[in-house]
Amino acid sequence: MKVTLDQDRCVGSGQCVVAAPDVFDQREEDGIAVLLEESPATGLAADVQHAAKVCPALAIAVEGHR
């Protein structure tokens, strides 16, 4: 699985951090999401998929996992 995050689209809602805190964080200065793990472990797939679905800006893309 490969995760990409478009920081230019991110609105800083923090939903990704709540859904998958091992994969996403937020910058202290502006709340924009930061991708911590581009290729997270398979065990985190459900959390990452959920993070992508709840992102209000649709800034998260997940490839290679169904």
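The rules behind the values
- Residues numbered from 1 in each chain as written.
- Predicted model: local features only at pLDDT ≥ 70, side-chain atom pairs only at ≥ 80, totals over all residues.
- Heavy atoms only, no water.
- Helix = DSSP H or I, 4+ residues; strand = E, 2+ residues; numbered from the N terminus.
- Buried < 20%, exposed > 50% of the residue type's maximum accessible area, 1.4 Å probe, protein only.
- 1 Å grid on protein atoms, 1.4 Å probe; cavity = no way out; pocket = protein on both sides within 12 Å on 5 of 7 lines; lining within 4 Å.
- Points joined across faces, edges and corners; volume = space filled by probe spheres on them.
- Nonpolar A, V, L, I, M, F, W, Y, C, P; charged D, E, K, R; others polar.
- Salt bridge = Lys/Arg side-chain N within 4 Å of Asp/Glu carboxyl O.
- Pairing = 2+ DSSP bridges.

### Thoughts on the environment of Glu63
Structurally, Glu63 can be placed in strand β4 (residues 60-63). Judged by relative accessible area, Glu63 falls into the partly exposed class, the value being 46%. Note: C-alpha distance between Glu63 and Gly43 (20 residues apart in sequence) is 15 Å.

### Considerations on empty space enclosed by the protein
Tallied over the full model, the rule gives one cavity of 30 Å³ or more. Its boundaries defined by the atoms lining it, the largest cavity holds a volume of some 90 Å³. Lining the largest cavity are 15 residues, and of these Cys10, Ser13, Gly14, Cys16 and Cys55 sit closest to its centre. In the lining of the largest cavity, the residues fall into nine nonpolar, six polar and no charged.

### Examining the pattern of salt bridges
Tallied over the full model, the rule gives two salt bridges. Across the pair Glu29 and Arg27 runs a salt bridge, and its minimum N-O distance is 3.7 Å. Taking relative accessible area as the criterion, Arg27 reaches 28% and is therefore assigned partly exposed. The salt bridge partner of Asp30 is Arg27, with a shortest N-O separation of 2.6 Å. Judged by its relative accessible area of 41%, Asp30 falls in the partly exposed class. Among the ionic contacts, a cluster of salt bridges with common partners joins Arg27, Glu29 and Asp30.

### Things to note about the pairing of strand β1 (residues 2-5)
Of the two faces of β1, only one is covered, namely that formed by Val3 and Leu5; the face formed by Lys2 and Thr4 stays uncovered. Of the strand pairs in this sheet, β1 and β4 are connected by four bridges, and their pairing is antiparallel. What sits directly across from Val3, in β4, is Val62.

### Points about the environment of Ser39
Secondary-structure assignment places Ser39 in the loop between β3 (33-35) and α2 (45-54). Using a relative accessible area of 45% as the deciding quantity, one classes Ser39 as partly exposed.

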